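# Architecture and fold: a report
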Amino acid sequence: MGKMEKIKAPKPAEREAIKARRMEKLAKASTVTFTVEPAVRRFLDAQAKATGLNLTHYMQKLVESHVIDAAPADDPLALRLAGKRHVIDQAVALATTLDKAGKFDDHFILTVVQEAEKDPDFVAQYAAAIGGKEAKGTRAAARARVSLNQQIGRVIKKSIGARSKRNEAGKIVRAQVQNAMIVTYTLLEKAS
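## Re unusual backbone geometry
Negative phi values dominate among residues other than glycine, just as trans dominates among peptide bonds. One non-glycine residue with positive phi stands out, namely Asn-179, at about 55 degrees. In this structure, Asn-179 sits in the loop between β2 (174–176) and β3 (184–186). For Asn-179, a relative accessible area of 83% translates into the label exposed.

## Considerations on the packing of helix α4 (residues 76–100) against helix α5 (residues 108–116)
The N-to-C vectors of α4 and α5 enclose an angle of 115 degrees; their axes lie 10 Å apart at closest approach. Here α4 lies roughly perpendicular to α5, going by the angle between them. The two elements α4 and α5 cross, and the hand of that crossing is right-handed. Seen from α4, the contacting residues are Ala-91, Leu-94, Ala-95, Leu-98 and Asp-99; seen from α5, they are Phe-108, Thr-111, Val-112, Glu-115 and Ala-116. Across the contact of α4 with α5, the residue classes tally to seven nonpolar, one polar and two charged.

## Concerning the pattern of salt bridges
Applying the stated criterion to the full structure yields eight salt bridges. A salt bridge links Arg-41 to Asp-45; the nearest nitrogen and oxygen atoms lie 3.1 Å apart. Residue Arg-41 and its partner Asp-45 are located together in helix α2 (residues 38–50), separated by four residues, close to a single helical turn. On the accessibility criterion, Asp-45 (31% relative accessible area) is partly exposed. Of the charged contacts in the structure, one is a salt bridge between Glu-64 and Lys-84, with a shortest N-O distance of 2.7 Å. With a gap of 20 residues between them, Glu-64 in helix α3 (residues 55–70) and Lys-84 in helix α4 connect regions that are remote in the sequence. Relative accessible area serves as the criterion here: at 8%, Glu-64 is assigned to the buried category. Members of the salt-bridge network, linked through shared partners, are Glu-64, Lys-84 and Arg-85.

## Considering the packing of α4 against helix α7 (residues 139–159)
Their axes nearest at 9 Å, the elements α4 and α7 cross at an angle of 35 degrees. Considering only the axes of α4 and α7, their crossing is right-handed. Residues Lys-84, Val-87, Ile-88, Ala-91, Val-92, Ala-95 and Thr-96 of α4 form the contact with α7, whose own contacting residues are Leu-148, Gln-151, Ile-152, Val-155, Ile-156 and Ser-159. When the residues that make up the contact of α4 with α7 are grouped by side-chain class, the tally is nine nonpolar, three polar and one charged.

## A short note on the nonpolar core
If you look at the biggest cluster of nonpolar residues, it comprises 35 residues, and the most contacted ones within it are Phe-108, Val-112, Tyr-126, Leu-148, Ile-152, Ile-156 and Tyr-185. Looking at this core, the element that brings in the most residues is α4, giving seven residues. In this structure Val-112 touches Ala-91, Leu-94, Ala-95, Leu-98 and Ile-156, once residues within four positions along its chain are discounted.

## Some details on a positive patch on the surface
A cluster of basic residues, Lys-19, Arg-22, Arg-139 and Arg-143, forms a positive patch at the surface. Turning to its location among the elements, Arg-22 is positioned in helix α1 (residues 12–30).

## Side note on the side chain of Gln-151
By secondary structure assignment, the location of Gln-151 is in helix α7. With near-sequence residues (within four places) excluded, Gln-151 lies in contact with His-57, Gln-60, Lys-84 and Ile-88.

## Here's the deal with the packing of aromatic side chains
Applying the stated rule across the entire model yields two aromatic pairs. Here the aromatic rings of Phe-104 and Phe-108 are separated by 5.4 Å at their centres, their planes lie at 45 degrees, and the arrangement is tilted.

## A few points about the environment of His-66
Here His-66 lies in helix α3. Residue classification places His-66 among the exposed residues on the basis of a relative accessible area of 54%. Residues His-66 and Leu-44, 22 residues apart in the sequence, show an inter-C-alpha distance of 16 Å.

What counts as what
- Per chain, residues are indexed from 1 in the order of the written sequence.
- In keeping with the predicted nature of the model, local features appear solely for residues at pLDDT of at least 70, side-chain atom pairs appear and are counted solely at 80 or more, and the whole-chain, interface and lining totals rest on all residues.
- With hydrogens and water excluded, all non-hydrogen atoms of the structure serve as input to the side-chain values.
- Each helix is a run of H or I in the DSSP string that is no shorter than four residues. Each strand is a run of E no shorter than two, and both are numbered from the N terminus.
- Throughout, exposure labels follow a simple rule: accessible area from a 1.4 Å probe, protein chains only, divided by the maximum for the residue type, with under 20% read as buried, over 50% as exposed, and the rest as partly exposed.
- Between the N-to-C directions of two axes lies an angle of 0 to 180 degrees, each axis being a line fitted to C-alpha atoms and, for a helix, fitted only over the stretch in contact.
- Under this scheme an angle from 65 to 115 degrees is roughly perpendicular, one under 35 degrees roughly parallel, and one over 145 degrees roughly antiparallel; angles in between are oblique.
- A clockwise turn of the near helix away from the far one marks a right-handed crossing, whereas an anticlockwise turn of less than a right angle marks a left-handed crossing.
- Whether two residues are in contact is decided by their heavy atoms, any of which lying within 4.5 Å being enough.
- Lys, Arg, Asp and Glu make up the charged group, whereas Ala, Val, Leu, Ile, Met, Phe, Trp, Tyr, Cys and Pro make up the nonpolar group; the residues left over, Gly among them, are polar.
- Criterion for a salt bridge: a side-chain nitrogen of Lys or Arg within 4 Å of a carboxyl oxygen of Asp or Glu.
- Definition used in this section: a nonpolar core is a set of buried Ala, Val, Leu, Ile, Met, Phe, Trp, Tyr and Cys residues joined via side-chain atoms within 4.5 Å.
- Without a salt bridge and with relative accessible area above 30%, a residue can belong to a patch; like charges are then joined within 9 Å and nonpolar side chains (Val, Leu, Ile, Met, Phe, Trp, Tyr) within 5 Å.
- Surface accessibility follows the Shrake-Rupley procedure with a 1.4 Å probe radius. Residue values consider only the protein chains on display as shielding.
- Counted charges follow a simple rule, with Lys and Arg positive, Asp and Glu negative, and His plus the chain ends left uncounted.
- Where a charge sits is defined by one atom per residue type, namely NZ (Lys), CZ (Arg), CG (Asp) or CD (Glu).
- To pair, rings of Phe, Tyr and Trp, with the six-membered ring standing in for Trp, must have centres within 6.5 Å; the planes then decide the type, stacked if under 30 degrees apart, edge-to-face if over 60, and tilted in the middle.

As structure tokens, then:
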């Protein structure tokens, strides 16, 4: 009999590379590209700007709203998307209100989410957005949570005209907290 070879577990860097390739494949599989007339693009850009969203998020909202409206009332996908839309819309509205009230600081994303968490409807819609009670604790719910939290952070940043804070090396600065709806978030700053 020959020698048995040990199977080596991937190193952390290799695991990250595998994960990055998997996420890239998923993103490509989920990306839809189409062309619109320049006048349509200008119209949509203006509509997006008026709602405090960038064009990508605005278009995503249009498509998701169609799914919500066209699906049966008890459709799990429609319920999840409706929860997501509610959470994102409320985060944008709250960010705008808090910014106008002078509450902006580096940790503004956390401030907005912590304020939103005080609303039981927001918490219920957030749970629906990540798959509801039946998905709690699953890998799918964890992925949905990360994706939703990233989107919440992006729309908060965009809605108040902030940008990601960077360190001396030019890397985006993030913070972490425990026992919160969000665990990791980007620090923000406004142009001087």
